[in-house]
Amino acid sequence: MAINRTSFFDYVRGHLFDGSLKQAQVDGLTAILDKWEKEMPGADDRWLAYMLATAHHETGRTMQPVRETFAKSDDRAIALLERAFRAGRLPWVSRPYWRRDADGKSWLGRGLVQLTHKANYEKMAEATGLDLTGRPDRAMELKTAVDILFYGMIHGSFTGRKLADYFAGRKQQWDNARRIINGEDKMMLVASYAREYYAAISYTTA
């Protein structure tokens, strides 16, 4: 079933973007919708809604790939992460993964979801066929970021939890689905976005 794009954008503009959408936001939303309709037209629309909501939250609703801390460059992101780490604001971090390795590469968070650590870049390189280990900055490319978003959330690559664990048949766990990405962090907020996206999809599908 195709999504009526005009109606979809009208709905999300009013319910999720304060009445106004920038072109970059439209481009990001379109890239996600295009991949869904091309590759998964018969799949559960709740999966799409939750992926849209995840990108919405993780990118600060820019709907474009971002670096961890929302910095404009790797060097700035690294500096901000170092400052936070030294101030004790990252207690869950035992090894600062953002520090450049011997090859000068940083494995800080990038994308529509925050892909971090070299091992995860390697995993996604194998899954997507892209050289994310040679060029981790490719996670900042929209198409690549969308591929990572889909693969990781469908296959449980980020935390071991996947979309099918929370949305299948009558099972519908909007809150707990946050565990796919980041435990219980902002789970209610992301669930609220997901329900709005699902309403937009359900309302506009024809």
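Because the structure is a prediction, the values reported are computed rather than measured.

Tallying secondary structure elements over the protein chain gives seven helices and four strands in all. Seen through its principal axes, the protein chain has C-alpha atoms that stretch 55 × 35 × 30 Å. Of all 206 residues assigned to the protein chain, the portion counted as buried reaches 45%. Sequence separation of 24 or more characterises 58% of the internal contacts of the protein chain that already satisfy a separation of 6 or more. Between the mean site of the 31 positive side-chain charges and the mean site of the 26 negative ones, the protein chain shows a separation of 4 Å.

With their axes 10 Å apart at the nearest point, helix α2 (residues 23–39) and helix α6 (residues 142–155) run at an angle of 55° to one another. Relative to α6, α2 is oriented oblique. For the pair α2 and α6, the crossing hand works out as right-handed. On α6, the residues that touch Asp27, Gly28, Ala31, Ile32, Lys35 and Trp36 of α2 are Leu142, Val146, Asp147, Leu149 and Phe150. Among the residues making up the contact of α2 with α6, the classes are represented as seven nonpolar, one polar and three charged.

On to unusual backbone geometry. Positioned with a positive phi, aspartate 18 is a non-glycine residue whose angle comes to about 55°. Position of aspartate 18 relative to the elements: it lies in the loop between α1 (5–16) and α2. Of note in this structure, methionine 63 is not a glycine but carries a positive phi near 60°. Mapped onto the fold, methionine 63 is located in the loop between α3 (45–58) and β1 (66–67). The exposure class assigned to methionine 63 is buried, which follows from its relative accessible area of 1%.

Turning next to the pattern of salt bridges. Under the definition given, this model contains 21 salt bridges. Here aspartate 185 and arginine 178 are joined by a salt bridge, their closest N and O atoms 3.6 Å apart. Relative accessible area serves as the criterion here: at 35%, aspartate 185 is assigned to the partly exposed category. Taking relative accessible area as the criterion, arginine 178 reaches 1% and is therefore assigned buried. Shared partners join several salt bridges into a network, and the residues in it are Lys35, Glu39, Lys143 and Asp147.

Let us look at the packing of α3 against α6. Closest axis-to-axis distance for the α3/α6 pair is 11 Å, and the angle between their directions is 120°. The orientation of α3 with respect to α6, classified from their angle, is oblique. Considering how the two elements wind past one another, α3 and α6 form a crossing that is right-handed. Where α3 abuts α6, its residues Trp47, Tyr50, Met51 and Thr54 lie against Leu149, Phe150, Met153 and Ile154. Tallied by class, the residues present in the contact of α3 with α6 amount to seven nonpolar, one polar and no charged.

Turning to the environment of isoleucine 78, a few remarks are in order. Structurally, the position occupied by isoleucine 78 is in helix α4 (residues 74–86). Expressed as a C-alpha distance, the spacing of isoleucine 78 and arginine 67, which sit eleven residues apart in the sequence, is 9.9 Å. When neighbours within four sequence positions are excluded, isoleucine 78 is seen to be in contact with Trp98, Arg100, Ser106 and Leu108.

Quick notes on the rules
- Residues numbered from 1 in each chain as written.
- Predicted model: local features only at pLDDT ≥ 70, side-chain atom pairs only at ≥ 80, totals over all residues.
- Heavy atoms only, no water.
- Helix = DSSP H or I, 4+ residues; strand = E, 2+ residues; numbered from the N terminus.
- Buried < 20%, exposed > 50% of the residue type's maximum accessible area, 1.4 Å probe, protein only.
- Contact = heavy atoms within 4.5 Å.
- Lys, Arg positive; Asp, Glu negative; His and termini not counted.
- Charge placed at Lys NZ, Arg CZ, Asp CG, Glu CD.
- Axes fitted to C-alpha atoms, helices over the stretch in contact; angles between N-to-C directions.
- Parallel < 35°, antiparallel > 145°, perpendicular 65-115°, else oblique.
- Left-handed = near helix turned anticlockwise from the far one by under 90°.
- Nonpolar A, V, L, I, M, F, W, Y, C, P; charged D, E, K, R; others polar.
- Salt bridge = Lys/Arg side-chain N within 4 Å of Asp/Glu carboxyl O.

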